[in-house]
Amino acid sequence: MRAGFSMFKSTAFSLLLIVLVCATVLVWAWQRTPLLTAFLPPNSLLQLSPEAKDKQPLLTVGRNGTAETSTGLVEAEVRHDQKIETNLKTDVQITEFAPPELSENTSSTSGKEQYNQNVTMHLDDQGCNYAKGKWVLDNSRPLYSGFQCNQWLSRMWACRLMQRKDFAYEKLRWQPKNCQMEDFEVSKFLEGMRDKTLAFVGDSLGRQQFQSLMCMITGGKKSHDVIEVGKEYGLVMPHGGARPNGWAYRFSSTNTTVLYYWSSCLCDLEPINTTNPTTDYAMHLDRPPGFLRQFLHKLDVLVLNTGHHWNRGKLKANRWVMYMGGMPNTSRRLAMIGDAKNFTIHSIVNWVNSQLSKHPHLKAFYRSISPRHFVNGDWNTGGSCDNTTPMSIGKEVLQDESSDYSARNAVKGTGVKLLDITALSQLRDEGHISHYSIRAAKGVHDCLHWCLPGVPDTWNEILFAHISSTSVINS
């Protein structure tokens, strides 16, 4: 009996020794063999370049909607506001004491779609990530005069016509890291866009980008070469309306058309009862705007954006009722504003992507969210953006992927490119209208819209760089 027990102990010891030897060999092989390490799970956070690790934390948004940095300094849960909001409300916030944070003002976090947080943004054909870089001083700026561009620029965004006295924000230029961004040249843009049409479709920030481009092309000066062609696209003043649903202008020398169409939610809106002037409007989450269905074939460059109207207050004020499949929405998941917004972004991107084979000349972009910079409150609770010092919260973007996870995941695997402007704009808190707005009530700051000339000019420079590297300009 004792002999049998000794034999069992000897066998067990031998087996244990064999296991230890095998484990040691496997660990050694794992460390020495690159092929094996390729099967390691990816890190949940991107790594900063070695020289930048101690300079700036990296902003990411996790699967649970939490903003984090590589140093662990910021951890802000995505907020889902149920309170009434106005057009100064959007999805991105920056605090005055921490690096930029991404936050969504939606009604609930439950049912939030889980996204892959390791998706990298679409790069252009040259492999340049224009969203990664830094702001630098450039005394040759701005690209046009805020005094003279009154033919295209709304007075409510022309800070040169307000009481603001500091204009250092006009003297900054975006410089991508490790690649060169082509300078915006009016002649090259117009010649490259000869007989072509560029359309912005989105909210008031899309309108700012449209006005910025018009000022950039004309140099901020009146031009007799430009004719108004809104009627060709159904952009006329509606009966009883304050303004048309958009504007379209054509540069006759090259037959180049630049237009803007207002679609703040990027989905189709139609009156539920056409005979009732106070009727509610069906907000078809799964249907693209009628304007795009009708005129997409006439477009050569399309820039989409949404985000600022996705809150309960806006839906109620506009009398919008969410519809799916032609019927009022019954999905509890899509009743959540954040999920409805994300669904609509994916829906419009997928629809445009499905049309690209029918319109091979079309180059489509989805522009990421433009941040707001309220501190010490919100627009209606004393929040402000009084800073006038450029780059006071940073000047460099080191992350490789977009801070706007909804946008970056929507374009993944499609032919729609991401025009990523979120992180670089987050560094420009001094560039907003602030309390100088000619329309705001006393004590109310506009920390969403930008002074022009200003940050949206850079968005257009990046857009120009993208389309210059593709067949649009060169065809």
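Above this text sits the structure in question.
Bear in mind that the values here come from a model prediction, so they are computed numbers and not experimental data. (Residues numbered from 1 in each chain as written. Predicted model: local features only at pLDDT ≥ 70, side-chain atom pairs only at ≥ 80, totals over all residues. Heavy atoms only, no water.)

A. Inspection of the packing of helix α4 (residues 204-218) against helix α10 (residues 455-468) at higher detail. For the pair α4 and α10, interaxial distance at closest approach is 9 Å and the crossing angle is 75°. Our classification of the angle between α4 and α10 gives roughly perpendicular. Between α4 and α10, the residues in contact are L205, Q208, Q209, S212, L213 and M216 and P456, D457, W459, N460, E461 and L463, respectively. Of the residues in the contact of α4 with α10, the class split is six nonpolar, four polar and two charged. (Axes fitted to C-alpha atoms, helices over the stretch in contact; angles between N-to-C directions. Helix = DSSP H or I, 4+ residues; strand = E, 2+ residues; numbered from the N terminus. Parallel < 35°, antiparallel > 145°, perpendicular 65-115°, else oblique. Contact = heavy atoms within 4.5 Å. Nonpolar A, V, L, I, M, F, W, Y, C, P; charged D, E, K, R; others polar.)

B. Structural context of the sheet that holds strand β8 (residues 197-202). If you trace the seven strands from one edge of the open sheet to the other, you get β9-β10-β11-β8-β14-β17-β19, paired in mixed fashion. Because the sheet does not close on itself, it has two edges, and the strands there are β9 (226-228) and β19 (417-419). Strand-to-strand, the axes of this sheet are offset by a mean angle of 20°, without reference to chain direction. Judged from the four bridges that link them, β8 and strand β14 (residues 301-304) form a sheet pairing that is parallel. Bridge pairing links V201 to L304 in β14. Across the face of the sheet, α4 comes into contact with β8, β9, β10 (246-251), β11 (256-262), β14, β17 (363-367) and β19 while running at roughly 160° to β11. Helix-sheet contacts for α10 involve β8, β14, β17 and β19, and the interaxial angle to β19 is about 155°. (Pairing = 2+ DSSP bridges.)

C. Broad picture of the nonpolar core. Of all hydrophobic cores here, the largest spans 58 residues; its most connected members are F189 and F200. Counting residues in hydrophobic clusters, the runner-up holds 30 residues, among them L292, L304, I345 and W351. (Core = buried A, V, L, I, M, F, W, Y, C linked by side-chain atoms within 4.5 Å. Buried < 20%, exposed > 50% of the residue type's maximum accessible area, 1.4 Å probe, protein only.)

D. Seen up close, the sheet that holds strand β7 (residues 172-176). Taken in spatial order, the three strands line up as β7-β6-β18 in an open sheet, and their pairing is antiparallel. Two strands close off the open sheet at either side, each with one partner strand: β7 and β18 (396-397). Two strands pair when backbone bridges link them, and strand β6 (residues 133-137) and β7 are joined in this way by five bridges, in the antiparallel orientation. Opposite K134, over in β7, you have Q175 as the bridge partner.

E. Quick peek at the state of the cysteines. Applying the stated criterion across every chain yields a total of four disulfides. A sulfur-sulfur separation of 1.8 Å characterises the disulfide bridge that pairs C128 with C179. Measuring handedness by torsion sign, the sulfur bridge of C128 and C179 sits at about 40° and is right-handed. Highlighted residues: C128 in the loop between β5 (101-102) and β6 and C179 in the loop between β7 and α3 (186-192), separated in sequence by 51 residues. Of the residues examined, C128 reaches a relative accessible area of 5% and is grouped as buried. A relative accessible area of 21% means that C179 is categorised as partly exposed. A sulfur-sulfur separation of 1.9 Å characterises the disulfide bridge that pairs C159 with C451. (Disulfide = S-S within 2.5 Å.)

F. Quick look at the packing of aromatic side chains. Taken as a whole and judged by the stated rule, the model has 13 aromatic pairs. Ring plane angle 40° and centroid distance 5.8 Å describe the contact between F184 and F189, whose orientation is recorded as tilted. Ring centres of Y233 and F295 lie 5.5 Å apart, and the angle between their planes is 55°; this geometry places the pair in the tilted category. Of this pair, Y233 sits in the loop between β9 and β10 while F295 is found in helix α5 (residues 290-295), placing the two residues 62 residues apart along the sequence. Neither residue differs from the other here; Y233 and F295 are each classed as buried. One aromatic cluster in this structure is built from W152, F210, W247, Y249 and Y260. In this structure, K298 packs its charged tip against the face of Y233, placed 4.5 Å from the ring centre. Above the plane of the ring of W135 lies R428, whose end atom (NZ or CZ) is 4.5 Å from the centre. (Phe/Tyr/Trp six-rings, centres within 6.5 Å; stacked < 30°, edge-to-face > 60°. Lys NZ or Arg CZ within 6 Å of the ring centre and 35° of its normal.)

G. Expanded view of unusual backbone geometry. Look at the link from R141 to P142: it is a cis peptide, with omega at 5°. Secondary-structure assignment places P142 in the loop between β6 and β7. Residue P453 is reached from L452 by a cis peptide bond, and omega for that bond is 0°. Relative to the assigned elements, P453 resides in the loop between β21 (446-450) and α10. In the Ramachandran plot, D195 falls in the positive-phi region, its phi being about 60° despite a non-glycine side chain.

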